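# A closer look at the structure
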Amino acid sequence: MPIGDGTTVTGTTREEEEDVIIKARRKKAIDDEASTGCSNARRFELELEFVQSLANPRYLHHLATTPNPSSSSRASSSKTNDEEEENDVLNSPEMVGYLSYLRYWYEDPRYAKYILYPHSLYFLKLLQDPSFRRAMRNPRRVEEVHTAQFQFWANDVTERVKAILASKEEEKAPQDA
């Protein structure tokens, strides 16, 4: 099993594989801290904040429609569709790579437990797909996603409240009898 630093793990249990992966990530994190000058704690905070911001479809739309400052400044009329897609922040190769790197937030429960907005993890998964990133450029699709998100939240809260009320009524029923 490749672990990202060129090392391959074979003939081990799943737990041993995970331990090797965790150790490799820690080593990489120490190396990254030295090269970036940003502490791991600060980087964790920044990444957590960014991942949670992905729960907002309108923010995704903003990223999908904001020109990428690092893209070339050729005339827009001579660009192909692929070049136009890479011309926004969300579809830039740097952002696509960063979103791919951030997958550990939903792959590792030790990180996911810090997320306050679970939709951010769902959208992070969806952002791995180029068609979803393209869809976030369309304001109508963004509003559809926002509405679906609200409906899910409203129905989920309603169901939770009903379940709590039902359990309280069940607790009272034996006492009344």
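The shown structure was predicted, so the numbers you read here are calculated from the model rather than taken from an experiment.

What the protein chain contains, in helices and strands, is 10 helices and zero strands. Here the protein chain holds 177 residues, and 28% of them are scored as buried. A fraction of 58% describes how many contacts in the protein chain between residues 6 or more apart in sequence connect residues 24 or more apart.

Each pair of aromatic rings is reported with the distance of its centres and the angle of its planes. Scanning the model with the defined rule gives 12 aromatic pairs in all. Both rings, one in Phe44 and one in Tyr114, keep their centres 5.2 Å apart while their planes meet at 80 degrees; by these two values the pair is edge-to-face. Taken together, the residues span a long stretch of sequence, with Phe44 in helix H2 (residues 40-53) and Tyr114 in the loop between helix H7 (109-112) and helix H8 (119-126) at a distance of 70 residues. Phe44 gets classed as partly exposed once you look at its relative accessible area, which sits at 24%. Judged by its relative accessible area of 41%, Tyr114 is partly exposed.

Turning to the pattern of salt bridges, a few remarks are in order. In this structure the tally under the stated criterion is seven salt bridges. Between Glu47 and Arg43 there is a salt bridge whose closest N-O contact spans 3.4 Å. On the criterion of helical spacing, the pair formed by Glu47 and Arg43 is a turn pair, its members being four residues apart in helix H2. When sorted by exposure, Glu47 lands in the same class as Arg43, which is buried.

With respect to the helices, strands and loops of the structure, Asp32 is situated in helix H1 (residues 14-36). Since its relative accessible area comes to 18%, Asp32 is described here as buried. Discounting residues that sit within four places of it in the chain, Asp32 has contacts with Gly37 and Arg43.

The geometry of a pair of packed helices is captured by two quantities: the angle between their axes and the separation between those axes. Where H2 meets helix H5 (residues 93-101), the axes come as close as 12 Å, and the angle between the chain directions of the two elements is 105 degrees. When the interaxial angle is binned, H2 and H5 end up roughly perpendicular. Each of Arg43, Glu47 and Phe50 in H2 lies in contact with H5, whose residues at this interface are Met95, Tyr98, Leu99 and Tyr101. Grouping the constituent residues of the contact of H2 with H5 by class yields five nonpolar, no polar and two charged.

About the cut-offs
- Each chain carries its own residue numbering, running from 1 in the written order of its sequence.
- Local features in this predicted model are restricted to residues whose pLDDT is 70 or higher, and side-chain atom pairs enter the listing and the counts only when it is 80 or higher, whereas totals over whole chains, interfaces and linings include all residues.
- To obtain the side-chain values, all non-hydrogen atoms of the structure were included, while hydrogens and water were left out.
- Helix and strand definitions here come from DSSP, where helices need a minimum of 4 consecutive H or I residues and strands a minimum of 2 consecutive E residues; each element is numbered from the N-terminal end.
- Throughout this description, buried means an accessible area under 20% of the type-specific maximum (1.4 Å probe, protein chains only), exposed means over 50%, and partly exposed covers the range between.
- Contacts were defined at the residue level, with two residues in contact if any of their heavy atoms lie within 4.5 Å.
- In this analysis, rings of Phe, Tyr and Trp, with Trp reduced to its six-membered ring, are considered paired at centre separations within 6.5 Å, and the interplanar angle assigns stacked below 30 degrees, edge-to-face beyond 60, and tilted for intermediate values.
- Any carboxyl oxygen of Asp or Glu that lies within 4 Å of a side-chain nitrogen of Lys or Arg is treated as forming a salt bridge with it.
- Simply put, an axis is a line fit to the C-alpha atoms, just over the touching stretch for a helix, and the angle between two N-to-C directions goes from 0 to 180 degrees.
- Put simply, angles under 35 degrees are roughly parallel, angles over 145 are roughly antiparallel, angles from 65 to 115 are roughly perpendicular, and the rest are oblique.
- Charged means Asp, Glu, Lys or Arg here, nonpolar means Ala, Val, Leu, Ile, Met, Phe, Trp, Tyr, Cys or Pro, and polar covers whatever is left, Gly included.

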